[in-house]
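Report on the structure
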Amino acid sequence: MLYCFVPQGGIRSYVVNNTHIPLGTRIVTDTHRCCNMVKITVIKTKPYTDQKPGTSGLRKRVTVFQQNQHYAENFIQSIISTIDPAQRQEGTLVVGGDGRFFMKDAIQLIIQIAAANGIGRLVIGQNGIMSTPAVSCVIRKIKAVGGIILTASHNPGGPNGDFGIKFNISSGGPAPEGITDKIFQISKSLQEYHICPELKVDLSTIGKQTFEVATFKPFTVEIVDSVESYAEMLRDIFDFVALKELLSGPNHISVRLDAMHGVVGPYVKKIVCEELGSPANSAVNCVPSEDFGGHHPDPNLTYAADLVNTMKGGEYDFGAAFDGDGDRNMVLGKHGFFVNPSDSVAVIGANITSIPYFQKTGVKGLARSMPTSGALDNVAKALKMPLYETPTGWKFFGNLMDAGKLSLCGEESFGTGSDHIREKDGLWAVLAWLSILATRKQSVEDIMKDHWQKFGRNFFTRYDYEEVDSDAANKMIDHLQTTMSDKAFVGQKFSSGDKTYQVEKADNFEYTDPVDGSVSKGQVIPIVFLSFCGSLIVHL
């Protein structure tokens, strides 16, 4: 609460919002309002031709944003320009990021450009921190017009790492192609952007800060607790009493959760340790770092090797790692037993009634991205649930969710989620697994072996190729396309060691959205072999 006293002096009254305030009157307000008018400046710029957002926004090296004049400002302006001017003054944008290098600079630019373009209110996580799932949660909770997330997901951070800017729409999900195409078209012809360069916001203090912006009504920035809204949502989804018994009761299991110096750290500490009672030392690397502690914040067997090695010692019953922005996860059992992401979503699907949320809502359908194994298909068939196969990109799942067709989904890239928000959700997936453990009272390994016995086993491996020469990679794909277009390719045999594979099918995966009829193609190239019950190789 801020108390302002109008001083005695040589004038009789002050005029505030066309109202005369007598001298000596005490004014009480719950916001801090800047007394000076914030000026809008129009900056001339030149367009860039490389600002086409992908499935997860615009990702570039930090140096691209820093060393190219107006690069970040252009893209932010292009995003805000897609919002109907009639919606801006009464609308709210949610802003948050994973704490990586350049995030706070970008947030100040978003604040300044949003104010200059008539956005009425921003809601920002304290110190800029807010996980991608939490941003989706808050957008939906407060009915915001959208949100801007500062992240490059699981890519490395720091001055020599990557940075990204992503726009989510009012549903809480990633912007669909119609919006990202519009952003790109604006960015290619942008000649100027509007900004309030003198406007600075304290990101560290929770509360409202209000500013008078020239030609617009007051502009409000609200700094909020990064965790609370998301934690409140999880309390309505899971049985926290049962989870607390599992993690801190007389027969509690031991867990090891590695936030990998990313955004999930504060969420794990507050929810899993403080609220559910898991010992404080069960969560590690929980302070977000601009360079993720010098590591690659990708939750897989390669980059989460410290967790894998710790789990192999047998001290912990359950382990999990999270990526930089909190939407991906990896699950491990005792002695380092690895659950691949395709099996993870399948097990959650097979045990979905262990989660109270689905007991209330029912299960509308299951879905997976095309490169994900068919393990979830087996569950859907056995339980007589609808199954959708989509291209990679959470926006395809979001469309199905908004149409009431989908409850649970997953991708091969360690992303799992449900219709509680419109993003994949790493901590949600871990709590889903813990709920299954609490219900079944079995180890991770035993649950997996029982699952394979009942539904069959799909073997799955993903290979990531990093820092490859793009020209050489494109030539390889062009060669693959040419080879596949030859009718003689189907039926050919290829040998490796003592194994021989015969091509059964090869084509470009094409998806027709059952909701809006849109067609997506050219994203993946599946090659199916007859050997080993339909082995599948996929290029992404």
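None of these values were measured; they are calculated from a predicted model. (Residues numbered from 1 in each chain as written. Predicted model: local features only at pLDDT ≥ 70, side-chain atom pairs only at ≥ 80, totals over all residues. Heavy atoms only, no water.)

**Remarks on unusual backbone geometry**
One non-glycine residue, His70, lies in positive phi territory at about 65°. In this fold, His70 is placed in the loop between helix 1 (62-67) and helix 2 (71-81). Under the relative-accessibility criterion, His70 is labelled buried at 17%. Of note, Met260 is a non-glycine position whose phi angle comes to about 55°, a positive value. (Helix = DSSP H or I, 4+ residues; strand = E, 2+ residues; numbered from the N terminus. Buried < 20%, exposed > 50% of the residue type's maximum accessible area, 1.4 Å probe, protein only.)

**Details of the sheet that holds strand 20 (residues 366-369)**
Spatially, the 4 strands line up as an open sheet ordered 21-20-22-23, and their pairing is mixed. This sheet does not close on itself; its edge strands, each paired only once, are strand 21 (387-390) and strand 23 (415-418). The mean angle between the axes of side-by-side strands here comes to 15°, regardless of whether they run parallel or antiparallel. By the bridge criterion, 4 bridges tie strand 20 to strand 21 in an arrangement that is parallel. Bridged to Arg368 within strand 21 is Glu389. The strands touched by helix 14 (residues 394-402) within the sheet are strand 20, strand 21, strand 22 (408-411) and strand 23, with strand 22 carrying the most contacts at an inclination of about 170°. (Pairing = 2+ DSSP bridges. Axes fitted to C-alpha atoms, helices over the stretch in contact; angles between N-to-C directions. Contact = heavy atoms within 4.5 Å.)

**Points about the sheet that holds strand 17 (residues 318-322)**
Taken in spatial order, the 5 strands line up as 16-15-17-18-19 in an open sheet, and their pairing is mixed. Taken across any chain shown, the strands that pair with only one partner, and hence form the sheet edges, are strand 16 (283-284) and strand 19 (337-339). Relative to strand 16, strand 15 (residues 255-258) runs parallel, the two sharing 2 bridges. Paired with Asp258 across the two strands is Val284, which belongs to strand 16.

**Side note on the state of the cysteines**
Linking two cysteines covalently via their sulfur atoms produces the bond known as a disulfide. Evaluated as defined, the whole model comprises 0 disulfides. Cys137 carries a free sulfur, and the closest cysteine sulfur to it, the one in Cys409, is 16 Å from it. Under the relative-accessibility criterion, Cys137 is labelled buried at 6%. (Disulfide = S-S within 2.5 Å.)

**Overview of the confidence of the model for the protein chain**
Here the protein chain averages 90 in pLDDT, and 90% of its residues register 70 or above. Under a pLDDT of 50 for its full length, residues 1-32 has, in the predicted model, 47 contacts with residues more than four places off or in other chains. (pLDDT = per-residue confidence, 0-100.)

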